[in-house]
Amino acid sequence: MRLKTRVSAYILAVALISSSGALAQQKAEVLHWWTSAGESASVRVFADQFTKAGGTWVDNAIAGGANARTAGINRMVGGNPPTMMQFNTGKQFDELVSNDLVRDVDQQAQAGKWRQVMPKPIVDATVREGKFYAVPVNIHGQNWMFYNTKIFADAGLEPPKTFPELVASGEKLKAKGIIPIALGGQPNWEHNLFRAVVVGHGGADMFRQLYGTRKPDVVKSPKFKETVELFGKMRGLVDPGSPGRNWNDATALVITNKAAMHFNGDWAKGEFIAAGQTAGKEYGCTVVGQEPKLVIGGDVFVFPATTDKTALATQDKLIQVLLDPTTQVEFNKKKGSIPVRMDVDVSSMDTCAQKSHSILQDPANQVESMEILSPPNFSGAMQDAVTQYWNNPNMSADSFIEKIVNAMRDAA
Amino acid sequence: MDTISIRAPSVPSSGAKVRRSVRTRLPAAFALLPTALVVLVVYIGCMLWTVRLSFTSSTLLPKLDWFGFTQYTRLFANDRFVTSAENIVIFGALFISGCLIIGFLLAVFIEQNVRGEGLFRTVFLYPYAMSFVVTGVAWQWFLNPGLGLQKLVRDMGFESFTFDWLVNQRMAIYTIVIAGLWHGSGLTMAIMLAGLRGIDKDLWKAAKIDGIPTWRVYTSVVLPLLRPMVVTATVLLATGVVKLYDLVVAMTLGGPGIATEVPAKFVMDHLFERNNIGLGTAAATIMLITVVSVLAPWVYTRYVRPQGRHA
């Protein structure tokens, strides 16, 4: 008994010494997949602010989201987690929460009033069983349409406001020898375009039912079939070189005046900026649809569960740094997204970011992204269905709808 | 000369021999123990684990419930998996036979003691030194209708020239075959050439005296003698077929649509991107069963039956 006490006292002493020693140099290993030029510049903002706050930032960037997540999850399961790890806003970390592998940060959330300052879809996507389990850091709009202002001016056309208008102007542009829509013909970008059409033409509720509740009734409605057929008509508006193209090559077609329109998330802005173009001058950005609904997602950081006091203090400091208003604006300028806090001043950001911020001021315009609504096995099955329909002009809207019904059944 | 079968050591006939063989074999067995353990635990263990997981409803993390054959039912109702299976058959047949034919012809060409043999050998073997990713990207550019071959020929004045296989649903898988052939033929050539060089020169002299035409010597005498080389090359190429993944990812990403999907990509996507371990492992199990059922008759005829005869 006495031995036991002595041993535990000894352990306590060692723990105290080592923890106070480590407290002086709070070391945070951060696992993320921000490896492109613009992305690493943006993560540097966090790193610099954390260093300024007295910590040591150990950058662990792994190229490719899937690779990074696999590596991080394996380390958490194996008991050697990083201090903080990136995920996309949504379901990617669900099972980590249910297996108690990540820390709940609700105390910080209540102190920082996150529920009041962040859009509800983002809050809902991060809260599990009433508690915050991740820290959202930005908002990406996924259904932006970038357009070449010169091409539209030369053709005497206005940028389309709705999808039927878009198909009509697209045909006119095609007759002039211009590529109406620049598309990166890889399954995920084809799917991204489809989602823009669903939310823009079918509406926010249809989008939520399709990707969220996933009841077959929604896809059997006439409105959905109309939407699918409209999407089918857009097949004729891309150039033959589209299949297999990378998204940045598609953006480049708009930059070089070869193509008129390009659907992408706001991360595509980085390409325009790198080419020396300014939002509102050479290119414009708009959301197509009767009312502009913005599909929003973004990135979050999770904090692997730990009992180590030093690690906990380091994590607390990281949370403060991530959501600091100045850091938020600077980070998001580089990242192309907008601050996750709706209460910060965005007047120093570009017009697209300001437009994004003002659209999101009305909660009715906030639509949660597929990553938030669907488990990956359903979105994957949808992607397979969309890419088959898009690439096979003979496939009917009905057989596409049937594939969606099957995907809903199997992902249940 | 015509078989390379690995025969089990002959059955010992007396007690003294057994003792001696145990003494000599013990260190060998000891040295092989780590490898044997790795094979048993890592390969066989993971294989069994995969098969077990295919009968569960696992998604992101493995879960050991019992889900019956549901994942398999889903798998065979999945267009993408069915297309993948068809594609791997098309690719496998064309890639293996194509590499063997082209490799053999290249080897015969070099065997004629052409000038600059070293150069040709290097040129033909060079593609094999490239990774599949580099091969895929290079061929993607070359075959892209807006950038590569089609544009080149059109710019030379042939306006109606069309070669759009890469973006054509029905033909895209053949562009993968073309890139694969470019990559794999050189290795087959090297193996065949080694075989050709090993053929007794007297055979050629004898054939010449008998007045047999050269092509006939190649088909009726040389080819049968090259059987071990053909078998080696086929085995090497077949492993390339089963693991076909990076070439597709680099070249088409499975597209246009799902036209160039392959089973390995199906497994990878479902395991690591779609949080669908159940379906992914079911597909992996089907791949395993297919490979085993293709190999089993071959192993039986080559290794099991001959020994039975000798005994």
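Reading guide: rules and limits
Here, residues in each chain are numbered from 1, in the same order as that chain's written sequence. Both sets of labels track the order of writing: A upward for chains, 1 upward for ligands. It should be noted that, the model being predicted, local features are given only for residues of pLDDT at least 70 and side-chain atom pairs only at 80 or more, the latter also being counted only at that level, while totals for whole chains, interfaces and linings use all residues. Here the side-chain values reflect all heavy atoms present in the structure, with hydrogen atoms and water set aside. Runs of E in the DSSP output that reach at least two residues are strands. Runs of H or I that reach at least four are helices, and both are numbered from the N terminus. When we talk radius of gyration, it's over C-alpha atoms, and the globule rule is simply 2.2 Å times the number of residues to the 0.38. Per-residue accessibility, obtained with a 1.4 Å probe over protein chains only, is compared with the maximum for each type, and a residue is labelled buried under 20%, exposed over 50%, and partly exposed between these values. For the domains described, the bounds stem from an automatic or database domain assignment. Two residues form a contact once any of their heavy atoms are found within 4.5 Å. Throughout, the accessible surface (probe 1.4 Å) given up by two parts as they are put together, summed over both, is called the buried area. Side-chain rings of Phe, Tyr and Trp, where Trp is taken by its six-membered ring, are said to pair if the distance between their centres is within 6.5 Å; with planes under 30 degrees apart they count as stacked, over 60 as edge-to-face, and otherwise as tilted. Basic side-chain nitrogens of Lys or Arg form a salt bridge, by our definition, when they fall within 4 Å of a carboxyl oxygen of Asp or Glu. Polar contact is defined as a pair of N or O atoms within 3.5 Å, subject to the rule that within protein one atom must be able to donate a hydrogen and the other to accept it, and that residues adjacent in sequence are counted only when both atoms are side-chain atoms. Axis definition: a line fitted to C-alpha atoms, limited for helices to the stretch in contact. Angles are taken between N-to-C directions and run from 0 to 180 degrees. For classification purposes, an angle smaller than 35 degrees is called roughly parallel, one larger than 145 roughly antiparallel, one from 65 to 115 roughly perpendicular, and anything else oblique. We call Asp, Glu, Lys and Arg charged. Ala, Val, Leu, Ile, Met, Phe, Trp, Tyr, Cys and Pro are nonpolar, and the rest, Gly among them, are polar. Strand pairing is assigned whenever DSSP detects at least two bridges linking the two strands. Here the nonpolar core consists of buried residues drawn from Ala, Val, Leu, Ile, Met, Phe, Trp, Tyr and Cys, with membership extended through side-chain atoms lying within 4.5 Å. UniProt positions are given in the numbering used here, feature names are shortened, and annotations may be inferred rather than shown by experiment. To count toward a patch, a residue needs a relative accessible area above 30% and no salt bridge. Like charges then connect within 9 Å, nonpolar side chains (Val, Leu, Ile, Met, Phe, Trp, Tyr) within 5 Å. Reported accessibility uses the Shrake-Rupley method at a 1.4 Å probe radius. Residues are deemed covered only where the shown protein chains occlude them. The definition used for a disulfide is geometric: two cysteine sulfur atoms within 2.5 Å.

> Explain the overall build of chain B to me, and be specific about the residues and the numbers.
When you go through chain B residue by residue, the secondary structure sums to 13 helices and 0 strands. Counting from the amino terminus, chain B carries its helices and strands in the arrangement α-α-α-α-α-α-α-α-α-α-α-α-α. Radius of gyration (C-alpha) of chain B: 25 Å, far over the 19 Å computed for a compact globule of 311 residues. Referenced to the eigenvectors of the C-alpha coordinate spread, the extents of chain B come out at roughly 75 × 70 × 30 Å. Burial statistics for chain B: of 311 residues in total, 39% are counted as buried.

> Describe the domain arrangement of chain A, naming the residues involved and giving the relevant values.
All names here are of chain A. We note that the domain assignment places domain 1 (2-141 + 298-363) and domain 2 (144-296 + 368-410) within chain A. Just the C-alpha atoms count here: the centres of domain 1 and domain 2 sit 32 Å apart. On the side of domain 2, 21 residues touch domain 1, which itself brings 20 residues to the contact. Across the interface of domain 1 and domain 2, roughly 1800 Å² is buried in total on both sides, 66% from carbon and sulfur atoms.

> Please provide a residue-by-residue account of the packing of aromatic side chains, values included.
This model, assessed by the stated rule, comprises 37 aromatic pairs over all chains. Ring geometry for A:Phe50 and A:Trp57: centres 6.2 Å apart, planes at 65°, overall edge-to-face. Both residues of the pair, A:Phe50 and A:Trp57, belong to the buried class. With 5.9 Å between their ring centres and 85° between their planes, B:Phe76 and B:Phe81 make a pair best called edge-to-face. What makes B:Phe81 buried here is its relative accessible area of 4%. Among the aromatic side chains, those forming a connected cluster through ring pairs are A:Phe194, A:Phe231, A:Tyr389, A:Trp390 and A:Phe400.

> I'd like to hear about the environment of B:Ala138, residue by residue, with values.
Residue and element names in this part refer to chain B. Relative to the helices and strands, Ala138 resides in helix H5 (residues 132-143). Classification of Ala138 as partly exposed rests on a relative accessible area of 37%. Counting along the chain gives 12 residues from Ala138 to Gln150, while the straight-line C-alpha distance between them is 15 Å.

> Can you explain the interface of chain A and chain B? Please cite residues and give values.
Every contact between the two is made by 25 residues of chain A and, on the other side, 19 residues of chain B. Between chain A and chain B, the buried area comes to about 2000 Å², and carbon and sulfur atoms account for 53% of it. On the chain A side of the contact with chain B, A:Glu95, A:Asp384 and A:Asp410 bury the most area, a combined 23% of that side's loss. The interface formed by chain A and chain B includes 4 salt bridges. Here B:Arg74 and A:Asp410 are joined by a salt bridge, their closest N and O atoms 3.8 Å apart. Here chain A is connected to chain B by 9 residue pairs in polar contact (both at pLDDT 80 or more). For the side of chain A that touches chain B, the secondary-structure elements that each account for two or more residues are helix H3 (65-77), helix H20 (376-391) and helix H21 (397-410) of chain A. The biggest single contributor to the side of chain A that touches chain B is H20(A), with 9 residues.

> Summarise the packing of helix H4 (residues 117-125) of chain B against helix H7 (residues 172-197) of chain B; cite the residues concerned and give the values.
Residue and element names in this part refer to chain B. Remark: H4 packs on H7, axes separated minimally by 8 Å, with the N-to-C direction vectors making an angle of 140°. For the element pair H4 / H7, the angle class is oblique. In this structure, H4 uses Glu117, Arg121, Phe124 and Leu125 to contact H7, whose residues at the interface are Gly186, Leu187, Met189, Ala190, Leu193 and Arg197. Classifying every residue of the contact of H4 with H7 by side-chain character gives 6 nonpolar, 1 polar and 3 charged.

> I'd like a description of the sheet that holds strand S13 (residues 299-302) of chain A, backed by residues and values.
All names here are of chain A. With mixed pairing, the 5 strands of this open sheet are ordered in space as S2-S1-S3-S13-S6. Whereas interior strands pair on both sides, the edge strands pair on one side only; in this sheet they are strand S2 (55-61) and strand S6 (135-136). Note that strand S1 (residues 26-32) and strand S3 (residues 84-88) share 2 bridges and pair parallel. By the bridge assignment for S3, Leu31 is matched with Met85. Packed onto the sheet, helix H16 (residues 309-323) meets S1, S2, S3, S6 and S13 and runs at close to 60° relative to S1.

> Talk me through the nonpolar core; I want residue IDs and the actual numbers.
One broad rule of soluble globular proteins: the nonpolar side chains tend to lie buried together. Residues and elements named next belong to chain A. Ranked by size, the top nonpolar core spans 58 residues in total, and within it Trp57, Trp114, Phe301 and Phe303 carry the most contacts. Beyond its immediate chain neighbours, meaning those up to four positions away, Phe303 contacts Thr83, Met84, Val102, Arg103, Val105, Val135, Gln315, Leu318, Ile319 and Leu322. In this structure, Val167, Leu183, Ala204 and Leu373 belong to the second largest nonpolar core, which totals 56 residues.

> Break down the UniProt feature "transmembrane region" (unreviewed entry) in chain B for me, with residues and values.
Within this numbering scheme, the UniProt entry marks residues 29-51, 88-110, 122-142, 171-196, 217-242 and 277-300 of chain B as carrying the feature "transmembrane region" (unreviewed entry). Here residues 217-242 of chain B is 96% helix and 0% strand, with 34 Å between the C-alpha atoms at its ends.

> Outline a nonpolar patch on the surface, supporting the account with residue identities and numerical values.
Side chains of B:Phe30, B:Leu33, B:Leu37, B:Val38, B:Val39, B:Leu40, B:Val41, B:Val42, B:Tyr43, B:Ile44, B:Met47 and B:Leu48 sit close together on the surface and give an oily, nonpolar patch of about 1200 Å² of accessible area. Mapped onto the elements, B:Ile44 comes out in helix H1 (residues 15-53).

> Which residues make up the state of the cysteines, and what values go with them?
Residue and element names in this part refer to chain A. The final tally for this structure, using the stated rule, is 1 disulfide over all chains. Put simply, Cys285 and Cys352 are joined by a disulfide, and their sulfur atoms are 1.9 Å apart. Taking the torsion about the S-S bond as the criterion, the Cys285 to Cys352 disulfide, at about -110°, is left-handed. Taken together, the residues Cys285 in strand S11 (residues 283-286) and Cys352 in helix H18 (residues 351-360) connect sequence positions 67 residues apart.

> If you had to explain the pairing of strand S12 (residues 294-297) of chain A to someone new, which residues and values would you point to?
Residues and elements named next belong to chain A. In S12, alternate side chains face the same way, and those of Leu294 and Ile296 on one face and Val295 and Gly297 on the other are all buried. When strand S7 (residues 138-141) meets S12, the two strands line up antiparallel, connected through 2 bridges. Note that in S12 the partner of Gly141 across the bridge is Ile296. The pairing of S12 with strand S15 (residues 366-368) spans 3 bridges and is classified as parallel. The residue bridging Val295 from the neighbouring strand is Val367, located in S15.

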